[in-house]
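# Structure assessment
Listed below are the residues making up each chain.
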Amino acid sequence: MDCKCYEEKCENCSYKKTPRSEETVRLLKNRLNRISGQIGGIINMIDDGRYCGDILTQVAAIESALESFAYVVLKEHMETCVVEKIKEGNTDVVSETVELMRKLK
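Described below are features of the structure shown in this document. (Residues numbered from 1 in each chain as written. Predicted model: local features only at pLDDT ≥ 70, side-chain atom pairs only at ≥ 80, totals over all residues. Heavy atoms only, no water.)

## Structural notes on the overall build of the protein chain
Regarding its fold elements, the protein chain presents three helices and zero strands. Across the 105 residues in the protein chain, those meeting the buried criterion constitute 15%. Excluding contacts between residues fewer than 6 apart, the proportion of contacts in the protein chain whose partners are at least 24 apart in sequence is 45%. Here the protein chain has roughly 8300 Å² of accessible surface; of this, 55% comes from carbon and sulfur atoms. (Helix = DSSP H or I, 4+ residues; strand = E, 2+ residues; numbered from the N terminus. Buried < 20%, exposed > 50% of the residue type's maximum accessible area, 1.4 Å probe, protein only. Contact = heavy atoms within 4.5 Å. Areas by Shrake-Rupley, 256 points an atom, 1.4 Å probe, with all protein chains shown as cover.)

Here is the structure:
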């Protein structure tokens, strides 16, 4: 059973926490809110019987926006979590990060 204690260093769970500044959280949420709005737009397009090509164009825009969001998070991960773990002598984080990058594509 996964612990959801949200403690930074809990020996009872595998939950990992990354502290982020309020500004970073705000920017990430803004990106996600825009993507959510785009998805809502596609729902409306379907309800309105819009042309398939128009819908697919919006799907491509959402995919691009999600990819951009993911790379922002990946960059942050590499600049903070990965660097910190390597400084602590934990090079396993490199394999984990490579696997994360593989999942993005």
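## Notes on the nonpolar core
Counting residues in each nonpolar core, the largest one holds seven residues, listed as L28, I35, I42, M45, I55, I62 and F69. Of all elements in the fold, only α1 (22-47) and α2 (52-87) reach the threshold of two or more residues within this core. If one sorts the elements of this core by residue count, α1 sits on top with four residues. Once residues within four sequence positions are removed from consideration, M45 is found in contact with R50, D54, I55 and Q58. (Core = buried A, V, L, I, M, F, W, Y, C linked by side-chain atoms within 4.5 Å.)

## What to know about α2
Taking 1.5 Å of rise per residue, 36 residues should cover 52 Å, and α2 covers 51 Å from first to last C-alpha, within 8% of that figure. At H77, α2 shows its largest kink, close to 35°. Residues I55, I62, F69, A70, L74, E76, H77 and V82 constitute the buried set of α2. Following α2 by one or two positions, G89 adopts a phi angle in the positive range, close to 90°. (Expected span 1.5 Å × (residues − 1). Bend = angle between axes of the 7 residues up to and from the residue.)

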